[in-house]
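The chain contents come next:
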Amino acid sequence: MTTALDRIHRPATARAVRRLRLRPDGALTPLGPKAVRLTAPIGALNLSDLAPGAMAAVAALAAAEQTEEELAALVAARDGDAGLLRWQLTRRRLGTVGLLEHSVHLVGDGTDPEDGTGPGNGIGPVPGPGPGAAADEPLARLRPVGRGAAEPGPTPDPTGQVKLSRFASAAVEDGALLVRAPGSPLAVQLTTRAAGLLAALADWTSPAALAQLPGGLPLEAVRQTLRLFAAAGLLAYGAPGAEPEAEEQRFAQWTAADLAFHSRTRRPTSVAGYGGTYRFGDRFAPEPASPAPFPGAKVTLPVPDLDELARADRPFTEVLEQRRSVRDHDEQAPITLAQLGELLYRSARRRQTFTGGDGQELADRPYPSGGAVHELELYPLVTSCAGLEPGLWHYATDRHELELVSAPSPATAQLVKSARESSLMQADPQVVLLVTARFGRVMWKYETVAYPLVLKHVGALYQTLYLVGTAMDLAVCGLGGGDAADFAAASGLDYFTEGTVGELVIGSRPAALRQDVGVPRAPRREARR
């Protein structure tokens, strides 16, 4: 009697075929009868002194997918056996610099040689163009998405244990399903037929077991697809009962989302575009430095005398050493409009507007901003401020005035409640200072680093507000998180266009502070050096 495993290993009319091609975002330019230039987003490669067969093979890779055997035949027909060795060196060079894509196809007429029921594994027919026609079904493709070698990994043993890494993630890009691992310059593109492998690889299994899944693939097709998974870093380390990703602290402390964010933004080789690439420069106009004004009431803020402040302020070192998070506000003497205005003026006013060489309107403020884009906006949510009505206000950095965005509402009350709970305050904060980003200001120019750049700007603004608040003897406390959806509901602004990326609570500082909140502070006894 024929067993399931016997059926997996027997010959089949449907077989796995490996092919390769020049990456589709690359281009080939002839430089002469024996030289070509290959270009791609990762850079360019010049190939010189190529024999006729090697020239034909490179041209074939640029035109369509080829098997290694087809390429070897092209070379041997023109260059003889002696040219094959040189071609292998050229072919390896193309893969090493990441100019090739590898794919796995299922080729055959879809009939099982024993009973006509499937592709040699007794499961079911291979979808194909119809009776009498040879099916050629793409299954998976190893795609370079960054800068690095693009070569399939080792072929797994049929009974060896494999599992998808818990850090792997799938996303739709340009109409295709791509699976990626953090930090890898490669991704695996899966078609509908092969996408079922992802769910099956959620736990330890084997290629042989995967080949027996209902509607599954032949064993060799599974093994060749897993070679692409291995090359892209999609398979877990270890074995059943010994999984470093789950057991070792250096791996276990990371979530898949956090590691993907860290690796993508701190490993430039894992992406095609990094930094100021202007990827939307030919699709959208840059956003202006100032957002459209809100139609609500306007309040002109008093302008502090910087010369007088320079004379009266405490020394910088004293301010720096006295900085701390203060979660108490003086309810009997709340912050005043003049104090709030001074804090905003000294920390975030726009000192200058100018146009960059790229045509984008840029700005200068007291805190630094990458590329001078200054995408951050400030929204004081006022509960108690002498001289200012409660509500959600916007600080116009170019005019040094407040614009009313929304009167108190259930949506603003939720923001106050969240800030109070996050800061462990006993009463509502006098002012919740909401920091937003106008994302298009950064993303129009910067690729991959755009959002982390926003977060760096938030940190710079936090410290500036802390130091100015300390110099003014105000209570300042930065918060570690917030809900951008709540702000969108309160402000009416589009979540994807402008959203909160930071929050602080601001108020008047009481004479005595509670000692039962925040991080315990031991007396400072730093040794002098």
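Rules used throughout
- Residues numbered from 1 in each chain as written.
- Predicted model: local features only at pLDDT ≥ 70, side-chain atom pairs only at ≥ 80, totals over all residues.
- Heavy atoms only, no water.
- Helix = DSSP H or I, 4+ residues; strand = E, 2+ residues; numbered from the N terminus.
- Buried < 20%, exposed > 50% of the residue type's maximum accessible area, 1.4 Å probe, protein only.
- Contact = heavy atoms within 4.5 Å.
- Areas by Shrake-Rupley, 256 points an atom, 1.4 Å probe, with all protein chains shown as cover.
- Axes fitted to C-alpha atoms, helices over the stretch in contact; angles between N-to-C directions.
- Left-handed = near helix turned anticlockwise from the far one by under 90°.
- Nonpolar A, V, L, I, M, F, W, Y, C, P; charged D, E, K, R; others polar.
- pLDDT = per-residue confidence, 0-100.
- Salt bridge = Lys/Arg side-chain N within 4 Å of Asp/Glu carboxyl O.
- Pairing = 2+ DSSP bridges.
- Core = buried A, V, L, I, M, F, W, Y, C linked by side-chain atoms within 4.5 Å.
- Expected span 1.5 Å × (residues − 1).

Visitor: Give a detailed account of the overall build of the chain, specifying residues and quantitative values.
Guide: Scanning the chain from N- to C-terminus turns up 16 helices and 20 strands. In the chain, buried positions account for 48% of the 529 residues. When contacts within the chain are restricted to residue pairs at least 6 apart in sequence, those whose partners lie at least 24 apart make up 72%. Carbon and sulfur atoms provide 54% of the accessible area of the chain, an area that totals close to 25000 Å².

Visitor: Would you mind going over the packing of helix H13 (residues 410–423) against helix H16 (residues 484–491) in detail, with residue names and values included?
Guide: Two elements in contact, H13 and H16, have axes whose closest approach is 8 Å; the angle formed by their N-to-C orientations is 145°. In the crossing of H13 with H16, the sense of the turn from one axis to the other is left-handed. On H16, the residues touching Ala 411, Thr 412, Gln 414, Leu 415 and Ser 418 of H13 are Asp 486, Phe 487, Ala 489 and Ala 490. In terms of residue class, the contact of H13 with H16 is made up of 5 nonpolar, 3 polar and 1 charged.

Visitor: Tell me about the packing of helix H2 (residues 52–63) against helix H3 (residues 68–96), residues and numbers included.
Guide: Between H2 and H3, whose axes approach to 7 Å, the crossing angle comes to 65°. In the packing of H2 onto H3, the handedness of the crossing is right-handed. Between H2 and H3, the residues in contact are Pro 52, Gly 53, Ala 54, Ala 56, Ala 57, Val 58, Ala 60 and Leu 61 and Leu 71, Leu 74, Val 75, Arg 78, Asp 79, Trp 87 and Leu 94, respectively.

Visitor: How would you summarise the confidence of the model for the chain if you had to cite specific residues and measurements?
Guide: With 90% of its residues at a pLDDT of 70 or more, the chain shows a mean pLDDT of 90. Confidence drops under pLDDT 50 across residues 1–12; counting only partners more than four residues distant or on other chains, this segment forms 29 contacts. Low pLDDT, under 50, characterises residues 110–133; the predicted model gives this stretch 63 contacts beyond four residues in sequence or across chains.

Visitor: So what's going on with the pattern of salt bridges? Which residues, and what values?
Guide: Scanning the model with the defined rule gives 25 salt bridges in all. Residue Asp 25 is joined to Arg 23 by a salt bridge in which the shortest nitrogen-to-oxygen separation is 2.7 Å. According to the relative accessible area criterion, Arg 23 is buried, its value standing at 2%. Ionic pairing is found between Asp 398 and Arg 399, a salt bridge with its closest N-O pair at 3.6 Å.

Visitor: Can you explain the sheet that holds strand S2 (residues 27–32)? Please cite residues and give values.
Guide: Taken together, 3 strands build an open sheet; the order of strands is S2-S3-S4 and the sheet is antiparallel. Each edge of the open sheet carries a strand with a single partner, namely S2 and strand S4 (43–47). Within the sheet, the average angular offset between the axes of one strand and its neighbour, ignoring direction, is 20°. Bridge analysis of strand S3 (residues 35–40) against S4 gives 5 bridges, and the strand direction is antiparallel. Along S4, the bridge assignment pairs Ala 40 with Gly 43. Each of S3 and S4 touches H3; the most contacted strand, S4, lies at about 175° to it.

Visitor: Summarise the sheet that holds strand S9 (residues 186–190); cite the residues concerned and give the values.
Guide: Either a parallel or an antiparallel arrangement is found when strands of a sheet pair, and the pairing is made through backbone hydrogen bonds. Ordered by their spatial adjacency, 6 strands build an open sheet running S1-S5-S6-S9-S8-S7, and the pairing between neighbours is antiparallel. On the outer flanks of this sheet lie strand S1 (15–22) and strand S7 (169–173), each paired with one strand and no other. Mean inter-strand twist for the sheet, computed between neighbouring axes without regard to direction, equals 30°. Sheet topology places S7 next to strand S8 (residues 176–180); 5 bridges connect them, and they run antiparallel. In the sheet register, Ser 169 faces S8, and the bridge partner there is Arg 180.

Visitor: Please set out the nonpolar core residue by residue, giving values where relevant.
Guide: Leu 376, Leu 388 and Leu 402 are the most contacted members of the largest nonpolar core, which has 44 residues in total. Looking at this core, the elements with two or more residues in it are helix H12 (337–348), strand S14 (376–382), strand S15 (391–396), strand S17 (431–438), helix H14 (439–443), helix H15 (450–471), strand S19 (474–479) and strand S20 (498–508). Examining the composition of this core, we find that 9 residues originate from one element, H15, more than from any other. Discounting residues that sit within four places of it in the chain, Leu 376 has contacts with Arg 365, Tyr 367, Val 435, Thr 436, Ala 437, Val 454, His 457, Val 458, Leu 461 and Val 501.

Visitor: I'd love a proper account of H12, names of residues and values included.
Guide: Helix length check: H12 (12 residues) gives 16 Å between terminal C-alpha atoms against 16 Å at 1.5 Å per residue, within 8%. Considered for burial, the residues of H12 that qualify are Leu 337, Leu 340, Gly 341, Glu 342, Leu 343, Leu 344, Tyr 345, Arg 346, Ser 347 and Ala 348.

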